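Observations on the model geometry
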Amino acid sequence: MTVTGDSYIDGPPDSSIGGRMAAARAHAAAGLREGKSGVDIAEVLTAEVEAFVLELVTQHLDKAGMGGVSSGVAILATGGFGRREFAPYSDLDLVFLCNGNPDVKIEELARAILHPLWDAKVDAGHAVRSVREALELPATDLTAATALLDARFLAGDRALADKFLALYGPKVAGSAPDSFVARLLAEQQQRHSRFGDTIFLLEPDLKNGPGGIRDMCAGRWAAVARFGTGDPLGLQDLGEMSSRQAAAFEAARDWLLKVRTAVHLAAGRRQDQLRFDVQEKIAMLLYGHVKVPPGEIRPAVAPAVEALMRHFQRHAKAVRRETRRLMQRASTDPRRTPKVQEIEGDASFELRDGALEVMDPAMFEQKPSEMIRIFSVAIDRDRPIGLRTQDLIAEQAAQRGSALREDPEAGPRFLDVVTDVRDTATPSRVDLMQDLGVLGALMPEWEPVTGRVQHDIYHVYTVDQHSLYALAMMKSIARGDMVDHHPRPSEVIKQIARPVALYLGTLLHDVGKPLGRNHSAKGAVVSVAIAQRLGLETEDIRRLEFLVREHLVMGHMSQRRDLDDPTLIAHFARLCGDEENLRELFLLTFCDLSSTAPGNLTSWKDELLRDLFERTLTFQRRGAQRLMEERTELSSRRQRQAAQHLGEDPDRPDPTTVAIFKSLPDRYFMENSVGRIAAHVELVRGRTGRCATLVTHQPRRGYSELVVVADDVPGLLAQITGVLFANRIDILDAAIYSCEPAKPGERGEALDMFRIRRAAEGAVTDESRIAQIQRDLESVLEGKNTVDALVAARPKGSTLFERAKPEVPATEVKTDNEISRDFTVIDIFTEDRPGVLYTIARTLHEQALDIHRSKVGVEADRVADIFYVRDKATGHKVVDTARLDQVCQALKLALLGVAK
């Protein structure tokens, strides 16, 4: 600001409440940019807000004649304002405390103070209470009672405030702190049910969600009730927290306050949910130094966001862990004598109040592997590990990891726990090992995956949690828990002769994720080093290396390749080598896909995975000839059943039906049920115009299935997908079948199947819209209209309520001339937007490529479309490198222009 004489060129500083609030927020923003701690930023912000609030309060107290130190009225700051943890757009909570019953004068005072704050757009809340009413709150209103636990004197009668605060803490706890803690736990559970029951949320709530600020407060309130203080350093002095635990708790508090400040400022309002758009705004400020690894095709903001969310996971876990411990301690009367029970034949551990405890704390220093053996004892006895012993294990793991690794019994004992399928606890004992830091201490290579987040909406869980879920699922399958829902994996796992590589491989399959691109190959190297240190035998190490290196291949091939191609099956069989590798890779892939995100392993993916497994197993046992024979037998059987379904003699079906069956490829009968086949035959026989359509609905699954039968002309897929795009229909996936003509020279038919939906409505059940799609298809195929004209007239959708989501990696286009004998395979990965499939199909048509087979998939916000193509002119693969490069560039350029 420049000053000339008595005039202000830029204007004087705004001394209004609104101006001072804006200045305080600006100072908080400057603190973030300067890298100040969250605690310092919050304390400075609180002090600046308190300054003008105190001026306002003092002015009105004096005006009302209540400004004296013995006026019988005290004003307290409560909540985050009372804790000096104020955020830029937080509620400013005040309590007007009266020695006697509040009268009209007090109410008028409160309104006089609050109205200027409200006029300045400061969210201020208040309560007017007598001392008697306030002391009765703990029995009736937990929320109000806990808010007062954070109260501090602001203005007015200090003696009254001091006397009240001295009485209030003991009053909250009463004679039974465990009862108060039980109420806190109940409130916490109800709150988590509203804001998410897990810290593994893509858009967590920093205040009310698990591991957030409110949980931290609950732990401190519980500690106040039992120990008289909720300060971590005070608890450390009392022996109720170790120095490491106190430091972790304070670090989490500092981080949460800092990030909450950033979120409020980015949103320009009170917002505690860490939404995708806010993540991207604040991540570059807080973690802008984190860069995309060389060679990775990813949005530049992604590494910063992943660093932000990894720190959230780490601190939220610390809050969850330490709060749980504080509440457990606060629930237990230290004066009560515990019930101790010896464990026969075990000189290290005992049962204390039903939980396993180490008898001599020095045991873990003398023999570190006992820190792992106790988990086996917990499984054997089906007992929890006691809180005191958990703390000892966590301290030893943090401070003496090298001693644990050097103990020769540690590795074998760890493998015992990892492979023990009797572990049915929730969380599992391996999960608890991770929570206590044992996995990172035993395997330092594991530590980088802890809390690692991927910035998309496909990977819901952190890398470590995903791996732990996959291992838990593997054990559940082995126990037979999933035999009703997943009988084939439950049967296959019984045939595994040496399961150690399978279980350890499941745990370590993503250990290479922090190492960048090609994480499978890098993870295989890491896993071998870990396995050697743990003491695995050579044969198991070889199998483990195979599983980690190839853990993505089976999912990729089953979902993105033509399983009808014998070349593919032969290639995959050679990759696996033997049946044991195939079985274990099948099981690992199943658990991996099941644990990536809720609902990720759809019935369609499950069926494809099983199909690839069965075909490869047949190929390994009996060769390509028997595989083809079995496929022919299955095709023949389904044709007979479909004919019977149509009311025809299965041994002598109608000649038209026979002709339709002959025109379809074998893979069609592999991929469709008998009822579907019969319905499609009727559709083909009944077609009279340019096309025939059939729509069925799966409302519970949120999609409809559209079947289109039409002449198999060049560009047909582009025309169909263009019509669907013009009608604002989303395509979830597609199956393309070419029906061979009955006679040479005649035109064949195409039978194309699409799973479709309306984005906001799910299944496409509107009959008028279905009829419009039919009319548009007819007009385009007859040449009366064009797709371009329909798309140009496409109504624009509103983006008013569209939620932000992470930016996906740039479009990738890959070609493969090895995996198929007759076709070039094109893989396309891009953002899921309306018109993507239409754009791809149109571009391939313009590039003079004939689409023989297509697999279309959408995973969260990313499309993975695969096309088997050949040159229209030659009918063969595209082998010219320059031509392939031209196709790839044309696809990328076209997809850049896809409208939102």
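Structural data are supplied above this passage.
This text gives an overview of the structure that appears in the document. All of these numbers come straight from a predicted model, not from anything done at the bench. (Residues numbered from 1 in each chain as written. Predicted model: local features only at pLDDT ≥ 70, side-chain atom pairs only at ≥ 80, totals over all residues. Heavy atoms only, no water.)

Under the definition given, this model contains 10 aromatic pairs. Summarising the aromatic geometry, the rings of Phe81 and Phe86 are spaced 5.7 Å apart at their centres and angled 65 degrees between planes, so their arrangement reads as edge-to-face. Of the two residues, Phe81 and Phe86, neither departs from the other in class, the shared state being buried. A network of ring pairs unites the aromatic residues Phe661, Tyr668, Phe669 and Tyr737 as a single cluster. The ring of Tyr89 carries the charged tip of Arg25 above its face, separated from the ring centre by 3.7 Å. (Phe/Tyr/Trp six-rings, centres within 6.5 Å; stacked < 30°, edge-to-face > 60°. Buried < 20%, exposed > 50% of the residue type's maximum accessible area, 1.4 Å probe, protein only. Lys NZ or Arg CZ within 6 Å of the ring centre and 35° of its normal.)

Below, the discussion takes up the packing of helix H2 (residues 38-63) against helix H4 (residues 104-119). For the pair H2 and H4, the least separation of the axes is 10 Å and the interaxial angle reads 145 degrees. Crossing geometry of H2 relative to H4 is assigned as right-handed. When H2 is examined against H4, the residues Phe52, Val53, Leu56, Val57, His60 and Leu61 are found in contact with a partner set consisting of Leu109, Ala112, Ile113, Pro116 and Leu117. Split into classes, the residues belonging to the contact of H2 with H4 amount to 10 nonpolar, 1 polar and no charged. (Axes fitted to C-alpha atoms, helices over the stretch in contact; angles between N-to-C directions. Helix = DSSP H or I, 4+ residues; strand = E, 2+ residues; numbered from the N terminus. Left-handed = near helix turned anticlockwise from the far one by under 90°. Contact = heavy atoms within 4.5 Å. Nonpolar A, V, L, I, M, F, W, Y, C, P; charged D, E, K, R; others polar.)

All buried positions along helix H27 (residues 566-576) are accounted for by Leu568, Ile569, Ala570, Phe572, Ala573 and Cys576. A positive backbone phi angle near 85 degrees is found at Gly577, which sits one or two residues after H27.

Take the environment of Thr830 next. Inspection of the secondary structure puts Thr830 in strand E15 (residues 824-831). Thr830 sits in the buried class, given a relative accessible area of 1%. The sequence separation of Thr830 and Leu896 amounts to 66 residues, and the corresponding C-alpha distance is 9.6 Å. At a separation of 2.7 Å, a polar atom in the side chain of Thr830 contacts the side chain of Thr811. (Polar contact = N/O pair within 3.5 Å; in protein donor to acceptor, adjacent residues only side chain to side chain.)

A word on the pairing of strand E4 (residues 92-98). Burial within E4 is extensive, with 6 of its 7 residues counted as buried. Sheet analysis places strand E3 (residues 73-78) next to E4, joined by 6 bridges and oriented antiparallel. Paired with Thr78 across the bridge in E4 is Asp93. Bridge count between E4 and strand E5 (residues 124-130): 7 bridges; the pairing is parallel. Within the sheet, the bridge partner assigned to Leu97 lies in E5 and is Arg129. (Pairing = 2+ DSSP bridges.)

Before going further, it helps to spend a moment on the sheet that holds strand E8 (residues 349-352). The strand order across the open sheet built from 3 strands is E7-E8-E9, with neighbouring strands paired in antiparallel fashion. In this open sheet, the two strands that pair with only one neighbour each are strand E7 (340-342) and strand E9 (355-358). Strand-to-strand twist across the sheet, computed as the mean angle between neighbouring axes with direction ignored, equals 40 degrees. Across 4 bridges, the pairing between E8 and E9 is antiparallel. Paired with Leu351 across the bridge in E9 is Leu356. Against the sheet, helix H15 (residues 370-381) touches E8 and E9, its axis set at about 50 degrees to E8.

In this structure, Phe349 sits in strand E8. Given a relative accessible area of 0%, Phe349 falls into the buried group. C-alpha of Phe349 to C-alpha of Gly748: the two residues are 399 residues apart in sequence and 76 Å apart in space. With near-sequence residues (within four places) excluded, Phe349 lies in contact with Ile343, Leu356, Glu357, Val358, Met359, Phe364, Glu370, Arg373, Ile374 and Val377.

Ranked by internal contacts, the top residues of the largest apolar core, which has 97 residues, are Phe414, Met443, Leu504 and Leu507. No other element matches helix H28 (residues 579-594), which puts 8 residues into this core. Among the nonpolar cores identified, the runner-up in size contains 68 residues, and Val95, Cys217, Leu257 and Leu286 belong to it. (Core = buried A, V, L, I, M, F, W, Y, C linked by side-chain atoms within 4.5 Å.)

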